[in-house]
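Structural features, examined
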Amino acid sequence: MTQQPFTVGIIQDHATEDVASNVARAVELIRQAAAQGAQIVCLKELFNTTYFAKSTRIEHFDLAEPVPGPITDTMQALAKELAVVIIVPIFVRRTAGLYMNSAVVIDADGTLLGVYDKMHIPHDPMFEEKYYFTPGDAQLDYHGERPGEANGFRVWQTRYANVGVLVCWDQWYPEAARITTLLGADVLFYPTAIAWHPAEKDEWGEAQVQAWRTAQRAHAIANGVWVASPNRIGHEDEPGTNGLEFFGHSFIADPFGRVVAEAGTEQAVLVHRCDPRLQEEVRRNWPFLRDRRVDAYGPILKRYIGVGR
């Protein structure tokens, strides 16, 4: 566990088809977060593009970036200048025909520490991610884990804190939060692109926001970690549909699941100082990690167990 307080910042903003302007806006907002004291700053999922997975169009693969590449070069220089850790979620081209929805972690001296590849890939109306994204590896992968060690989940020891990153659809899986916590994360970042289908908003909109936030607050409580989730905002068109309305409501929760910073549906920079003494206090009084029955959890490795089996 980190011993010194650290300050996290998350950026909630929109995106257009002008990639250069998206990057410029993000740079300015990171500067604003740093000016407010943020030491670790996380951008939204696929921060430099629109959410192109609303449809399956082969030309969208041209949006993918290599790592290292122009985007990471820009963010490495900015991280070094501001002495901040930056989490940069982008569409990554690993090689011809192999693309990932990833988050690059850059330390406060500009060092590129590594890349997390989104493990859980959704397939829903206007969230056609399986067409574009290869999931992160589940055994030995390019990061160098030993087989079975962490199954693609990663934590990075940055200048200020131990940082775990999961991406959007990963939010709904307690296994991902638990493993990343067990790897030593002080804070879980969830860069996100979650939206309303406009036709469903009146009936389901508020419930969807609350379900999204509740699931992640539960990860904070069950694991005794801070959770920080930056979402995107704005309506994005898609021909032949009503498009998607990204609902924002980015937030930061403390290790007891209390929301300590939150946004609405407008552009926002959220900053919060995290004191490890609170994490220690919460885990002492709610010792969920102590009381885990690791000898009893083998069946979770099955897809389905079934009654009486």
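Above: the structure in question.
What you see is a predicted model, and the numbers here were worked out from it, not measured in a lab.

Details of the sheet that holds strand 7 (residues 162–165)
Judged by pairing direction, the sheet is mixed, and its six strands sit side by side in the order 6-7-8-10-13-14 without closing on themselves. Every interior strand has two partners, whereas the edge strands, strand 6 (155–157) and strand 14 (259–262), have only one. Within the sheet, the average angular offset between the axes of one strand and its neighbour, ignoring direction, is 20°. In this structure, strand 13 (residues 251–253) lies alongside strand 14, joined through three bridges in antiparallel fashion. Across the sheet, F251 pairs through a bridge with E262, a residue of strand 14.

Details of the state of the cysteines
By definition, a disulfide links the sulfur atoms of two cysteine residues through a covalent bond. For the coordinates displayed, the defined rule picks out zero disulfides. Cysteine C274 remains unbridged, with the sulfur of C42 as its closest cysteine sulfur at 13 Å. Owing to a relative accessible area of 0%, C274 belongs among the buried residues under this scheme.

Some words on the pattern of salt bridges
Throughout the structure, instances matching the rule amount to 16 salt bridges. The partner of R25 in a salt bridge is D13, and the shortest N-O contact between them spans 3.7 Å. Here R25 is found in helix 1 (residues 19–35), whereas its partner D13 is found in the loop between strand 1 (6–12) and helix 1, with twelve residues between them in sequence. What makes R25 buried here is its relative accessible area of 17%. Taking the relative accessible area as the measure of exposure, D13 reaches 2% and is therefore buried.

Brief notes about the sheet that holds strand 15 (residues 268–274)
With mixed pairing, six strands are arranged side by side in an open sheet as 5-4-3-2-1-15. Two strands bound the open sheet, and with one partner strand each, they are strand 5 (112–117) and strand 15. Within this sheet the neighbouring strands show an average axis-to-axis angle of 30°, counted without direction. One ladder, built from nine bridges, connects strand 3 (residues 85–95) with strand 4 (residues 98–106); its direction is antiparallel. Bridge pairing links P89 to A103 in strand 4.

Observations concerning the layout of surface pockets
Taken as a whole, the second largest pocket holds about 360 Å³ of empty space. Residue lining of the second largest pocket: 18 residues in total, with D124, F127, W169, I194 and A195 positioned closest to the centre. Taken together, the residues that form the lining of the second largest pocket break down as eleven nonpolar, three polar and four charged.

Here we look at the pairing of strand 12 (residues 244–247)
Pairing analysis gives two bridges linking strand 9 (residues 195–196) to strand 12, with the strands arranged antiparallel. Of the residues in strand 12, the one forming a bridge with A195 is F246. In this sheet, strand 12 lies alongside strand 11 (residues 233–236) in antiparallel orientation, the contact comprising four bridges. Bridge assignment links H235 to a residue of strand 12, and that residue is E245.

A short note on the packing of helix 1 against helix 2 (residues 70–82)
Axis separation between helix 1 and helix 2 bottoms out at 11 Å; the angle between their running directions is 20°. Between helix 1 and helix 2, the crossing angle belongs to the class labelled roughly parallel. Considering the relative orientation of helix 1 and helix 2, their crossing is right-handed. Contacts from V23, A26, V27, I30, R31 and A34 in helix 1 reach I71, T74, M75, L78, E81 and L82 in helix 2.

Re the pairing of strand 4
Counting buried positions over the nine residues of strand 4 gives eight, a clear majority of the element. As consecutive antiparallel partners, strand 3 and strand 4 are separated by two residues, and within that stretch G97 has a phi angle of approximately 80°, a positive value. The pairing of strand 4 with strand 5 spans five bridges and is antiparallel. Considered in strand 5, the bridge of V105 is made with G114. Between strand 4 and the antiparallel strand that follows it, strand 5, lie five residues; G110 among them carries a positive phi value of about 90°.

Reading the values: the criteria
- Each chain carries its own residue numbering, running from 1 in the direction its sequence is written.
- The predicted origin of the model limits local features to residues at a pLDDT of at least 70 and limits the giving and counting of side-chain atom pairs to 80 or more, whereas totals for whole chains, interfaces and linings rest on all residues.
- Computation of side-chain values covers all heavy atoms of the structure but excludes hydrogens and water.
- Between any two strands, pairing holds if DSSP finds at least two bridges.
- Helix and strand definitions follow DSSP, with helices as H or I runs of at least four residues and strands as E runs of at least two, each counted in order from the N terminus.
- The axes are straight lines fitted to the C-alpha atoms, using for helices just the contacting stretch, and the angles between their N-to-C directions are given from 0 to 180°.
- Only a pair of cysteine sulfur atoms within 2.5 Å counts as a disulfide in this structure description.
- Partly exposed residues are those whose accessible area sits between 20% and 50% of the maximum for their type, while under 20% is buried and over 50% is exposed, using a 1.4 Å probe and protein chains only.
- We define a salt bridge as a side-chain nitrogen of Lys or Arg found within 4 Å of a carboxyl oxygen belonging to Asp or Glu.
- Lining residues are those with an atom within 4 Å of a point, where the points come from a 1 Å grid over the protein atoms alone and group into cavities, where a 1.4 Å probe fits but cannot get out, or pockets, open sets with protein on both sides within 12 Å along at least five of seven lines.
- Grid points are joined across faces, edges and corners, and a volume is the space filled by probe spheres set on the points.
- Residue type decides the class: Asp, Glu, Lys and Arg count as charged, Ala, Val, Leu, Ile, Met, Phe, Trp, Tyr, Cys and Pro as nonpolar, and the leftover types, Gly among them, as polar.
- Angles are sorted into four bins: roughly parallel if under 35 degrees, roughly antiparallel if over 145, roughly perpendicular if 65 to 115, and oblique for all others.
- Crossings are classed by handedness, with left-handed meaning an anticlockwise turn of the near helix from the far one by less than a right angle and right-handed meaning a clockwise turn.
- Any two residues whose heavy atoms approach within 4.5 Å at even a single point are treated as in contact.

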